Amino acid sequence: MNDFLIIGGGIAGISAAARMSHLGRVTVLEAEAHLAHHASGRSAALYEPHYGLKPVVELSLASGEFFRAQDNVLSPRGLMILARAHETAQLRDEAAAMALDDLPMDEARAMVPILNDSITQAAYGNHAWDIDTDLLVQNFAREARGNGGQIVTNARVTAIRKTTSGWAVTTPAGEFEGRVLVNAAGAWVDQVAGLAGIAPLGFQPYRRSMARIPAPGGHDVSHWPMMFGVGELWYAKPDAGALIVSPAEEDPAEPHDAWADDMVLAEGLARYEEFVTEPVTRLISNWAGLRTFAPDRVLVIGPDARDPSFFWLAGQGGYGFQTSPAASLLAADLIGGRSPDLGADLVASLSPARFG
């Protein structure tokens, strides 16, 4: 019998496993053949603690100390927002929200030489870092296993039933029992709740596509910042000597193994091309992931209002990696009966009880 049975081996589930492994016996059930297959494996992998709604920002800021204590998990990147003359007010609002400073255009072009003359304004902050997502996932997995935790892959959940001592979960890898069931199933969280007889909370997955393109103009892009167009209608980020460009779309989708839509990619790449001197002539690869949000677009962390042995760790949206240290610690504190370091207002804003 496990103390904690976690459904989902993405960043939410594996970070929770690491934290909860200090409290009791943990088993993680992952549907795919390896950890972080879906949204966690298709992340833009940026730690920008000022990005998101207020509760998300608070979680991200609270994660900073953990990230800085991890060897080689973070590396400097920086963030730049770009605007044209008619987008002045929007740039000002977004820069203020993300604590970015005005950046003269000559300095912006010194950083990114392909910016074209249509761009009249830029804002920049150096408080954005690349996350080595694979290293972070493996660090959490190593911690969980080091404390006796079990990680079971190829274990897609097919049935869940309540028992006298907790929960029994059926998978192709066998049946597993646990006192507390942690729902960290990403896009499938409402489906998992339904299997357990728990009322869904109304999570919605949204597709986001990405394309990897060769380094524009043969430039060394390794020190370029991540770039956004105002309104987040596209973004671009250096990655392994190439450039990742996303249309930053949010198209509602059913839970599935997502793939990029060719037309959406083409439209997003066209928006990116409006800002640069180098056209996109070919793609190296493309993919998509699902970013899953609660109705209010804030993470859900806490016991179900009707059955406290069912614990929600869901709705990470695009913020799963950058909030994972604080989110997983909060989950362990709540399950372990400890007083969280986070403020009471923040804890309440994340609780599933807010949905009634």
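Just so it is clear, the model here is predicted, and its values are computed rather than measured.

1. Things to note about unusual backbone geometry
- Positive phi outside glycine occurs at Ala248, with the angle close to 55°.
- Given the relative accessible area of 9%, Ala248 is considered buried.
- Even without a glycine there, the phi angle at Arg297 is positive, about 65°.
- Following the sequence through the fold, Arg297 ends up in the loop between β18 (285–293) and β19 (300–303).
- With a relative accessible area of 30%, Arg297 lands in the partly exposed category.

2. Some thoughts on the domain arrangement of the chain
- Once the domains are mapped, the chain shows domain 1 (2–45 + 132–203 + 295–355) and domain 2 (79–125 + 204–293).
- Centre-to-centre, using C-alpha coordinates, domain 1 lies 31 Å away from domain 2.
- On the domain 2 side, the residues contacting the 20 residues of domain 1 number 19 residues.
- When the two sides are added together, the surface that domain 1 and domain 2 hide from each other amounts to roughly 1500 Å², 55% of it contributed by carbon and sulfur.

3. With respect to the pattern of salt bridges
- Tallied over the entire structure, the rule returns 17 salt bridges.
- Lys54 serves as the salt-bridge partner of Glu58, at 2.4 Å between the closest nitrogen and oxygen. Within this pair, Glu58 and its partner Lys54 are both found in helix α2 (residues 54–62), separated by four residues, close to a single helical turn.
- For Arg161, the salt bridge identified is with Glu175, shortest N-O distance 3.0 Å.

4. So, the pairing of strand β15 (residues 235–239)
- Counting buried residues along β15, four of its five residues qualify, which places the element largely inside the surrounding structure.
- Relative to β15, strand β14 (residues 226–229) runs antiparallel, the two sharing two bridges. By the bridge assignment for β15, Phe228 is matched with Tyr235.
- As paired elements, β15 and strand β16 (residues 242–246) share five bridges and run antiparallel to each other. Across the sheet, residue Lys237 finds its bridge partner in β16, namely Ile244.
- What sits between β15 and β16 in their antiparallel hairpin is a turn of two residues, with Ala240 showing a positive phi close to 50°.

5. Things to note about the environment of Ala253
- Of note, Ala253 is situated in the loop between β17 (251–252) and α8 (262–273).
- Along the primary structure Ala253 and Leu290 are separated by 37 residues, whereas in three dimensions their C-alpha atoms are 7.8 Å apart.
- The residues contacting Ala253, other than those within four sequence positions of it, are Gln204, Pro205 and Leu290.

6. Details of helix α1 (residues 11–20)
- Within α1, ten of the ten residues are buried, which leaves the element mostly enclosed by the surrounding structure.
- Every buried residue belonging to α1 is among Ile11, Ala12, Gly13, Ile14, Ser15, Ala16, Ala17, Ala18, Arg19 and Met20, and all of these are buried.

7. Here's the deal with the packing of α1 against helix α6 (residues 133–146)
- As a packed pair, α1 and α6 sit with axes 7 Å apart at the nearest point and diverge in direction by 35°. For α1 against α6, the interelement crossing comes out left-handed. When α1 is examined against α6, the residues Ile11, Ile14, Ser15, Ala17 and Ala18 are found in contact with a partner set consisting of Leu136, Val137, Phe140, Ala141, Glu143 and Ala144.
- Classifying every residue of the contact of α1 with α6 gives nine nonpolar, one polar and one charged.

8. Digging into the environment of Gly315
- Along the chain, Gly315 falls in the loop between β20 (310–314) and α9 (320–336).
- Residue classification places Gly315 among the buried residues on the basis of a relative accessible area of 3%.
- Note: C-alpha distance between Gly315 and Asp251 (64 residues apart in sequence) is 16 Å.
- Ignoring anything within four residues of it in the chain, the contact list for Gly315 reads Phe203, Thr292, Phe293, Ala294, Val298 and Leu299.

9. So, the packing of aromatic side chains
- Taken as a whole and assessed by the stated rule, the structure comprises 14 aromatic pairs.
- Three or more aromatic residues link up through ring pairs in this structure, and these residues are Tyr51, Tyr206, Phe228, Tyr235, Phe293 and Tyr319.
- The cationic tip of Lys162 hangs over the ring face of Trp167; the distance from NZ or CZ to the ring centre is 4.9 Å.
- Stacked on the ring of Phe293, the Lys or Arg Arg297 has its end atom at 3.9 Å from the ring centre.

10. Some details on the nonpolar core
- Ranked by internal contacts, the top residues of the largest apolar core, which has 67 residues, are Ile6, Ile14, Met20 and Ile301.
- Both domains that meet at this core, namely domain 1 (2–45 + 132–203 + 295–355) and domain 2 (79–125 + 204–293), each give it at least three residues.
- Setting aside anything within four residues of it in sequence, one finds Met20 in contact with Phe4, Ile6, Val26, Val182, Ala331, Ala332 and Ile335.

Cut-offs used in this document
Residues numbered from 1 in each chain as written. Predicted model: local features only at pLDDT ≥ 70, side-chain atom pairs only at ≥ 80, totals over all residues. Heavy atoms only, no water. Buried < 20%, exposed > 50% of the residue type's maximum accessible area, 1.4 Å probe, protein only. Helix = DSSP H or I, 4+ residues; strand = E, 2+ residues; numbered from the N terminus. Domains from an automatic or database assignment. Contact = heavy atoms within 4.5 Å. Buried area = accessible area lost by both parts, 1.4 Å probe. Salt bridge = Lys/Arg side-chain N within 4 Å of Asp/Glu carboxyl O. Pairing = 2+ DSSP bridges. Axes fitted to C-alpha atoms, helices over the stretch in contact; angles between N-to-C directions. Left-handed = near helix turned anticlockwise from the far one by under 90°. Nonpolar A, V, L, I, M, F, W, Y, C, P; charged D, E, K, R; others polar. Phe/Tyr/Trp six-rings, centres within 6.5 Å; stacked < 30°, edge-to-face > 60°. Lys NZ or Arg CZ within 6 Å of the ring centre and 35° of its normal. Core = buried A, V, L, I, M, F, W, Y, C linked by side-chain atoms within 4.5 Å.

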